[in-house]
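Structure at a glance
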Amino acid sequence: RTMTVFIYSHWCLMEKQLEPAIAAMVADFIAAGRPKASQLSWQARRDGYLASALLGGEREEVGAIEEWQADHHAIRCYRPADKPDPAYPVLIYFHGGCFASGDFETHDRQMRMLCNRASALIFAVHTRLAPEHTYPAAHDDALAATRAIMAEVEKWHGAPVRLAIAGDSAGGHLALITTLRLKAANAPLPKALLLLYPMLDALCESQSYRDLGDDYLITRDMLASGFHAYLGSLPPSHPEASPLHHPALSGLPPTHIVTAEYDPLRDEGEALYGKLVQAGVDATCQRQHGVIHGYFQLAAISPAARQLIDQIAMMLRRL
């Protein structure tokens, strides 16, 4: 019976036309009984995420890397190898990890690739993690880091008018909330906002959560438990818990949203696109077929991941 179920599940996955390497990972996850992230310790979740960084590909050399701690957040700056350009494009990037895991190393390979391919300054930001630090810790850290970078970006030969803010998953949430907070304060805004399969609705009730929440590695259980650990007593309907329902989306900079076909978060990312268009924001959205949540970090095995990195680099060059 077990073998029959495994073969049937694998056949279903192939029918869904996942990329082959991702299909194999998903089949292994199902065969293992769909282990629940919520049953692991937070340290085990963090260690597992870090171990998966190898799927990001080679660790490319860049011109220089600087790292510093400021209050409760940390920043790592990647500089290109070519001689200083007084008008480098700039990316401020918030990593994913369901608010409870992730760090510079989980996303180091992708930041190096973007730095080299875009000849851009990349500022990776690490905020405090749940459950040790609950709302608004990560939100406040993200805003403080962004303000500090924007205030001094010319020191690194970055062009303030060529600056974008981005993030994946929980980092996409932080990128959006940070930009909304800047807008509310009448502060300078980034030229562009890039959200990779962002976590936008703490209620976790979309159709894609129901359809895709169990089998595709990054599960409903993992995402919801991360939200719960971070939000603490903040109601999930609060606009900074669920920015999909934020009342002040108008006035945001041009925003590009990337969703993944087999991601529980797919529908909320695409719903945000609709709301941004209704609010008059210059918004675009693309759904990548054949991939799961987190595919940006799978360049060693995923053609779509490599394509996405090249696409983001092109967007940065054109800022």
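Structure's up top.
Cut-off values and rules
Sequence positions are assigned chain by chain, starting from 1 and proceeding in written order. Thresholds applied to this predicted model are a pLDDT of at least 70 for local features of residues and 80 or more for the giving and counting of side-chain atom pairs; totals over whole chains, interfaces and linings are not thresholded and use all residues. Heavy atoms from the whole structure form the basis of all side-chain values; hydrogens and water molecules are not counted. The buried label applies to any residue whose accessible area, calculated with a 1.4 Å probe on protein chains only, is under 20% of its type's maximum; exposed applies above 50%, and partly exposed to all values in between. Only DSSP runs of H or I covering at least 4 residues are called helices, and only runs of E covering at least 2 are called strands; the numbering of each starts at the N terminus. A pair of strands counts as paired when DSSP detects no fewer than two bridges linking them. Orienting the strands away from the viewer, one traces the path from the first strand over the helix to the second; a clockwise path indicates a right-handed crossover. Axis definition: a line fit to C-alpha positions, over the contact stretch in the case of helices; interaxial angles, taken between N-to-C directions, run 0 to 180 degrees. Roughly parallel here means an angle under 35 degrees, roughly antiparallel means over 145, roughly perpendicular means 65 to 115, and every remaining angle is called oblique. In this scheme the crossing of two helices becomes right-handed for a clockwise turn of the near helix relative to the far one and left-handed for an anticlockwise turn of less than a right angle. Contacts: residue pairs with any heavy atoms within 4.5 Å of one another. In this classification, Asp, Glu, Lys and Arg are treated as charged, Ala, Val, Leu, Ile, Met, Phe, Trp, Tyr, Cys and Pro as nonpolar, and every other residue, Gly included, as polar. For each structure, a 1 Å grid was placed over the protein atoms alone; sets of points admitting a 1.4 Å probe that cannot get out are labelled cavities, open sets with protein on both sides within 12 Å along at least five of seven lines are labelled pockets, and lining residues have an atom within 4 Å of a point. Grid points are joined across faces, edges and corners, and a volume is the space filled by probe spheres set on the points.

1. Things to note about the pairing of strand β2 (residues 73-79)
- Burial analysis of β2 places 6 of its 7 residues in the buried class, the great majority of the element.
- The turn joining strand β1 (residues 64-70) and β2, which pair antiparallel and follow one another in sequence, is formed by 2 residues; a positive phi near 55° is taken by Asp71.
- Pairing between β2 and strand β4 (residues 121-126): 5 bridges, direction antiparallel. Bridge assignment links Cys77 to a residue of β4, and that residue is Phe123.

2. Quick notes on the pairing of strand β7 (residues 255-262)
- Of all the 8 residues making up β7, 8 are buried; the element is thus mostly covered by neighbouring parts of the structure.
- One ladder, built from 4 bridges, connects strand β6 (residues 192-196) with β7; its direction is parallel. Bridge assignment links Leu195 to a residue of β7, and that residue is Ile257.
- Summarising the sheet, β7 and strand β8 (residues 283-292) pair through 7 bridges and their orientation is parallel. Note that in β8 the partner of Val258 across the bridge is Gln286.
- In this fold, β7 hands off to helix α9 (residues 266-278), which returns the chain to β8; that crossover is right-handed.

3. Some words on the packing of helix α5 (residues 137-152) against helix α6 (residues 170-184)
- One can describe the packing of α5 onto α6 by two numbers: an axis separation of 9 Å at closest approach and a directional angle of 65°. As far as their axial angle goes, α6 and α5 are roughly perpendicular. Helix-helix and strand crossings are classified by hand; for α5 and α6 the assignment is right-handed. Two secondary-structure elements touch here, α5 through Ala138, His139, Asp140, Ala142, Leu143, Thr146, Arg147 and Met150 and α6 through His173, Leu174, Ile177, Thr178, Arg181 and Leu182.
- A breakdown of the residues in the contact of α5 with α6 according to their chemical character gives 7 nonpolar, 4 polar and 3 charged.

4. Description of the sheet that holds β7
- Sheet architecture is open: 8 strands sit in the order β1-β2-β4-β3-β5-β6-β7-β8, paired in mixed fashion. Across the chains shown, the open sheet's two edge strands, defined by having one partner strand only, are β1 and β8. Across the sheet, the mean angle from the axis of one strand to that of its neighbour is 20°, orientation sign disregarded.
- Contacts from α9 reach β6, β7 and β8, with the element oriented near 150° to β7.

5. Remarks on helix α4 (residues 108-118)
- The element α4 is largely enclosed, with a buried count of 9 among its 11 residues.
- Buried within α4 are the following residues: Asp108, Arg109, Gln110, Met111, Arg112, Met113, Leu114, Cys115 and Ala118.
- Those residues of α4 that are buried lie in contact with β1, β2, β3 (88-94), β4 and α10 (303-317).
- Among the residues trailing α4, Ser119 stands out with phi positive, at a value near 45°.

6. Re empty space enclosed by the protein
- On inspection of all chains with the given rule, the structure shows 2 cavities of 30 Å³ or more.
- Here the largest cavity defines a volume of roughly 80 Å³.
- Lining of the largest cavity is provided by 14 residues; of these, His95, Phe99, Thr127, Leu129 and Leu174 occupy positions nearest its centre.
- Taken together, the residues of the lining of the largest cavity break down into 8 nonpolar, 5 polar and 1 charged.
- Estimated volume of the second largest cavity: approximately 40 Å³.
- Every residue lining the second largest cavity is listed: Tyr78, Tyr93, His95, Asp103, Phe104, His107, Met111, Ala124 and Val125.
- Tallied by class, the residues present in the lining of the second largest cavity amount to 6 nonpolar, 2 polar and 1 charged.

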